[in-house]
Amino acid sequence: MSKIKHLLRHNRAFVRKREYRDFVTDRFPDKRMVILTCMDTRLTELLPKALNLRNGDAKIIKNAGAIVSHPFGSVMRSILVAVYNLKADTILVIGHHNCGMTGLKAGTILKQAPKRGVRRKDIDSISRLGVNLEEWLTGFRNVRTAVKQSVMIIKTHPLLPPKVKVHGFIMHPKTGRIEKS
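Figured I'd write up the structure that's included with this text. (Residues numbered from 1 in each chain as written. Predicted model: local features only at pLDDT ≥ 70, side-chain atom pairs only at ≥ 80, totals over all residues. Heavy atoms only, no water.)

1. Notes on the overall build of the chain
Looking only at helices and strands, one finds seven helices and five strands in the chain. When the helices and strands of the chain are read in sequence order from the N terminus, they spell out α-β-α-β-α-β-α-α-α-α-β-β. A principal-axis box enclosing the C-alpha atoms of the chain has dimensions of 50 × 50 × 35 Å. The burial tally for the chain puts 36% of its 181 residues in the buried class. Looking at the chain alone, contacts between residues at least 24 apart form 75% of all its contacts between residues at least 6 apart. A total of about 12,200 Å² of accessible surface is found on the chain, and carbon and sulfur atoms cover 55% of it. Positive and negative side-chain charges in the chain, numbering 35 and 13 respectively, have mean positions lying 2 Å apart. (Helix = DSSP H or I, 4+ residues; strand = E, 2+ residues; numbered from the N terminus. Buried < 20%, exposed > 50% of the residue type's maximum accessible area, 1.4 Å probe, protein only. Contact = heavy atoms within 4.5 Å. Areas by Shrake-Rupley, 256 points an atom, 1.4 Å probe, with all protein chains shown as cover. Lys, Arg positive; Asp, Glu negative; His and termini not counted. Charge placed at Lys NZ, Arg CZ, Asp CG, Glu CD.)

2. Here's the deal with the sheet that holds strand β4 (residues 165–171)
An order of β2-β1-β3-β4-β5 is seen for the five strands of this open sheet, with the pairing classed as mixed. Edge positions in the open sheet fall to β2 (58–63) and β5 (178–180), since each of these has one partner strand only. Ignoring strand direction, the axes of neighbouring strands in this sheet form an average angle of 30 degrees. Helix α3 (residues 74–85) contacts β1 (33–38), β2 and β3 (90–96) of the sheet and is inclined by roughly 180 degrees relative to β2. Most of the contacts of helix α7 (residues 143–155) go to β4, to which it runs at about 165 degrees, and overall it touches β3, β4 and β5. (Pairing = 2+ DSSP bridges. Axes fitted to C-alpha atoms, helices over the stretch in contact; angles between N-to-C directions.)

3. Considering a positive patch on the surface
Judged by side-chain charge, Arg9, Arg12, Arg16 and Lys17 come together as a positively charged surface patch. Note on placement: Arg9 falls in helix α1 (residues 3–16). (Patch = residues over 30% accessible without salt bridge, like charges linked within 9 Å, V, L, I, M, F, W, Y side chains within 5 Å. Salt bridge = Lys/Arg side-chain N within 4 Å of Asp/Glu carboxyl O.)

4. Regarding the side chain of His96
Inspection of the secondary structure assignment puts His96 in strand β3. Sequence-distant contacts of His96, that is, excluding residues within four places in its chain, are made with Cys38, Asp40, Arg42, Leu43, Val143, Ile170, Met171 and Pro173.

5. Details of a nonpolar patch on the surface
A cluster of nonpolar side chains, contributed by Ile126, Leu129, Val131 and Trp136, occupies part of the molecular surface with about 450 Å² of accessible area. Relative to the helices and strands, Leu129 is located in the loop between α5 (120–128) and α6 (133–136).

6. Topic: the environment of Ser181
Locating Ser181 in the fold gives a position in the segment after β5. Assessed through its relative accessible area of 23%, Ser181 is described here as partly exposed. Residues Ser181 and Leu159 lie 22 residues apart in sequence; the distance between their C-alpha atoms is 24 Å. With near-sequence residues (within four places) excluded, Ser181 lies in contact with Arg144, Val147, Lys148, Gly168, Phe169 and Ile170.

7. A closer look at the packing of aromatic side chains
Tallied over the full model, the rule gives one aromatic pair. In this arrangement the basic side chain of Lys87 is found over the ring face of Phe28, its NZ or CZ atom lying 5.0 Å from the centre. (Phe/Tyr/Trp six-rings, centres within 6.5 Å; stacked < 30°, edge-to-face > 60°. Lys NZ or Arg CZ within 6 Å of the ring centre and 35° of its normal.)

8. A look at the nonpolar core
Ile35, Ile79, Ile91, Ile154 and Leu160 are the most contacted members of the largest nonpolar core, which totals 41 residues. Counting only elements with at least two residues in this core, the list comes to β1, α2 (43–50), β2, α3, β3, α7 and β4. Leu110, Ala113, Ile123 and Leu137 belong to the second-largest nonpolar core, a separate cluster that totals six residues. (Core = buried A, V, L, I, M, F, W, Y, C linked by side-chain atoms within 4.5 Å.)

9. What to know about α1
Each α-helix winds once per 3.6 residues, and so residues spaced three or four apart point in a common direction. The terminal C-alpha atoms of α1 lie 20 Å apart, and with 14 residues this matches the ideal 20 Å at 1.5 Å per residue to within 8%. Where α1 terminates, the next one or two residues include Arg18, which has phi positive at roughly 60 degrees. (Expected span 1.5 Å × (residues − 1).)

10. Description of helix α4 (residues 106–115)
Among the residues making up α4, those that are buried are Ala106, Leu110 and Ala113. Projection of α4 onto a plane perpendicular to its axis shows the buried side chains occupying an angular sector of 55 degrees, all on one side. Along α4, exposed side chains directed more than 90 degrees from the buried face belong to Lys111 and Lys115. Where α4 is buried, its residues contact α5 and α6. Phi turns positive, to about 105 degrees, at Gly117, one or two residues after α4. (Arc of directions from axis to C-beta.)

Structure (C-alpha cells):
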C-alpha cells in the first residue's frame, strides 16, 4: 500500500471513530503564544510535551532551522498575523542542538538537484533572476547565533507592537531540556 493510501485509510478511520474530539479548540492560542521552531521530526511531539503545551495553546511555525531569513518573508508574516489577528503577545524562537542546518552548504543541495531531475538551466535561471542560491540554501555555523539573529529580526520589525515579548531558546532534541539562547 502506498504511503498516501495508508494515510488516507487511517484518516477515514480517525474521523469515523470521532477521535478528533480530543483536539477540538478554536483558532486563538490559549496561551497567546507563537513558537517558531525547527521542522526536525525529533521535535514534533517532544517540544509540546517538554513545554506542557496542549492542542490550541500556541501557534507553532516550523521551518528548517527555526530561521527568520527575511523580515518580509512568510515566517514573519505568519508571526504578525498571529499577533494582530489571533491575539498572541509572546513569541518564542526555539532552535535545537544537532540541527541539520548547522554547517549546511548550498553546494550540497545544488549538486544533488540535477541528480534528482532538476534541470541545470532552471538552476541557472533562478540565479539570473537575482536569487543568491548560495546564500539562500546555506545554513548557519552556530545554533545559538542563529536563534539570536532570528530574535533580533523579530524584535526590531517595524510592524511588531512594542509590548510583544520575544524570547530565544535552544532545545536538546533528545532530552527536551530548554536553555536560553
